[in-house]
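Listed here are the chains, written in short residue letters.
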There are 2 protein chains.
Amino acid sequence: MKLYGAPNPAPNPRRVRIFLAEKGIDLPETPVNMMKGEHKSPDFKALNSLGQLPTLVLDDGAVIAETVSICRYLEELHPDPPLFGVTALDRAQIDMWIRRVEFQVQNPVRNFWLHAHPRTAALLTEYTDFGQSNVEAYGRALKWLDGELAGKTFIHGEAISMADICAETAIDFATWIGLERPPELANLAAWHERMAARPSSRA
Amino acid sequence: MKLYGAPNPAPNPRRVRIFLAEKGIDLPETPVNMMKGEHKSPDFKALNSLGQLPTLVLDDGAVIAETVSICRYLEELHPDPPLFGVTALDRAQIDMWIRRVEFQVQNPVRNFWLHAHPRTAALLTEYTDFGQSNVEAYGRALKWLDGELAGKTFIHGEAISMADICAETAIDFATWIGLERPPELANLAAWHERMAARPSSRA
């Protein structure tokens, strides 16, 4: 299989790399040059009509796009250590946390990036007021997540899961684009320190 | 177990009801009065800190929020007919399609609803220009989906899946808020007709 990706700070390819590192799977990334728009080329869009990274192509040519779907597939091939849960309830609740992190935390980061960041202004039609409003939305989301982390080691409890990887990459990308994590959110700070201490965080 | 929901046109509770109808699962919905803000009450937020519907509470008190996660859990209890796929590749690709539908089709509908619809103007700070820009984004998404449906009966191929249910509810809700489906998108029209003809569409 062939995993197409892109280097940091692109948060989605990083999510897969952290997942691979946590699982101990050796699957090198084939870089696609986003600066040159290679992910929007006809050749690449023949693989993934949305021109998005990461994209996984299996040996028989079948394509899996979408970060979480790629990781979900790799989890089935390499069940241990489990990052999507063990029991039906675990799996549902980790799925819930992945979605909550994506909708609550990742979405405002993405909206700020697309609509209020100088780097994207040259490329996209920005709606700056809307983009700026996501700074507050991101702050509210982190406060909510801080409360949810009270008494827990990881987002779904005692074991790391895909939900933690989603939150880590969103928050690190947010920091990179200038959205600071309020240091007074102590549960979140301790969780982030635990995540950053893992070798996978260097992916 | 107890399933909290709300009547139409709320699209997320409807996604679960269509899923239940397709699976033949008898699980009555306990309605929560969104007009009275019951989903944001302290009692309800003790179950689901985000105050969102649907929410599933198991007999032992465990809570599963998020539409797709609830359906994923019910799929494990009632595997037939499968709506999340049978093989590892199926499951990954249906997950991919769920995510593509949510990000590409559902997001612009939601953004238009939150930021440019008169019903929400009284309740929320709207960014109207941004909201309006989602009309075009929704149109682009439908055109893309129309192309992807060429030669297929359902979004993932020959069998209905959760991705179709997600697309159906998003598109029907869009119509309800005034975002019309362009009739010239013939693959999409034929697919929608197939979906609307199923008894589950009345859920």
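Note that this is a predicted model, so its numbers are computed, not measured.

Our next topic: the overall build of chain A. Each helix and strand in chain A was counted, giving eight helices and four strands. Helices and strands in chain A line up, N terminus first, as β-α-β-α-β-β-α-α-α-α-α-α. Computed over its C-alpha atoms, the radius of gyration of chain A comes to 17 Å, within 12% of the 17 Å expected for a compact globule of 203 residues. With respect to the three principal axes, the spread of C-alpha positions in chain A is 45 × 45 × 25 Å. Counting every position in chain A, which comprises 203 residues, the buried fraction comes to 45%. Within chain A, residue pairs in contact and separated by at least 24 positions form 63% of the contacts whose partners lie at least 6 positions apart.

All names here are of chain A. Spatially, the four strands line up as an open sheet ordered 2-1-3-4, and their pairing is mixed. If you trace the sheet from one side to the other, it starts and ends with strand 2 (29-31) and strand 4 (63-65), each paired once. Pairs of neighbouring strands in the sheet enclose a mean axial angle of 25°, with direction left out of account. Two elements, strand 1 (residues 2-5) and strand 2, share three bridges in a ladder whose sense is parallel. When the sheet's bridge partners are listed, Gly 5 is paired in strand 2 with Pro 31.

All right, on to the domain arrangement of chain A then. All names here are of chain A. The domain boundaries assigned to chain A delineate domain 1 (2-77) and domain 2 (88-202). One C-alpha centre belongs to domain 1, the other to domain 2; they are set 21 Å apart. Every contact between the two is made by 10 residues of domain 1 and, on the other side, 13 residues of domain 2. Mapped by element, the contributors of at least two residues to the side of domain 1 that touches domain 2 are helix 1 (11-23) and helix 3 (67-77). When residues in the side of domain 1 that touches domain 2 are grouped by element, the largest group, seven residues, is from helix 1. A per-class count over the side of domain 1 that touches domain 2 returns seven nonpolar, no polar and three charged.

Next up on the list: unusual backbone geometry. What you tend to see is this: most non-glycine residues have negative phi, and most peptide bonds are trans. Residues and elements named next belong to chain A. In the segment running from Leu 53 into Pro 54, the intervening peptide bond is cis, with an omega of 0°. Its location among the elements puts Pro 54 in the loop between helix 2 (42-47) and strand 3 (55-57). The omega torsion across Asp 80 and Pro 81 is -10°, close enough to zero to call that bond cis. Turning to its location among the elements, Pro 81 is positioned in the loop between helix 3 and helix 4 (88-116). With a phi angle near 80°, Glu 66 is a residue other than glycine that sits in the positive phi range.

Before going further, it helps to examine helix 3 of chain A. Taken across its 11 residues, helix 3 of chain A has nine buried, putting it largely inside the fold. Every buried residue belonging to helix 3 of chain A is among Thr 67, Val 68, Ser 69, Ile 70, Cys 71, Arg 72, Tyr 73, Leu 74 and Glu 75 of chain A, and all of these are buried. Looking at the buried side of helix 3 of chain A, the elements it contacts are helix 1, strand 3, strand 4, helix 4 and helix 7 (162-176) of chain A together with helix 4 (88-116) of chain B.

Right, let's talk about the interface of chain B and chain A for a bit. Contacts between the two partners involve 28 residues from chain B, matched on the other side by 27 residues from chain A. Within the residue set of the side of chain B that touches chain A, elements represented by two or more residues are strand 4 (63-65), helix 3 (67-77), helix 4 and helix 6 (128-148) of chain B. The element that contributes the greatest number of residues to the side of chain B that touches chain A is helix 4 of chain B, accounting for nine residues. Its residues assigned to classes, the side of chain B that touches chain A comprises 14 nonpolar, five polar and nine charged.

The rules behind the values
- Residues numbered from 1 in each chain as written.
- Chains lettered and ligands numbered in written order.
- Predicted model: local features only at pLDDT ≥ 70, side-chain atom pairs only at ≥ 80, totals over all residues.
- Helix = DSSP H or I, 4+ residues; strand = E, 2+ residues; numbered from the N terminus.
- Rg over C-alpha atoms; globule rule 2.2 N^0.38 Å.
- Buried ≥ 20, exposed ≤ 12 C-beta atoms within 10 Å, placed from the backbone.
- Contact = placed C-beta atoms within 7 Å.
- Pairing = 2+ DSSP bridges.
- Axes fitted to C-alpha atoms, helices over the stretch in contact; angles between N-to-C directions.
- Domains from an automatic or database assignment.
- Nonpolar A, V, L, I, M, F, W, Y, C, P; charged D, E, K, R; others polar.

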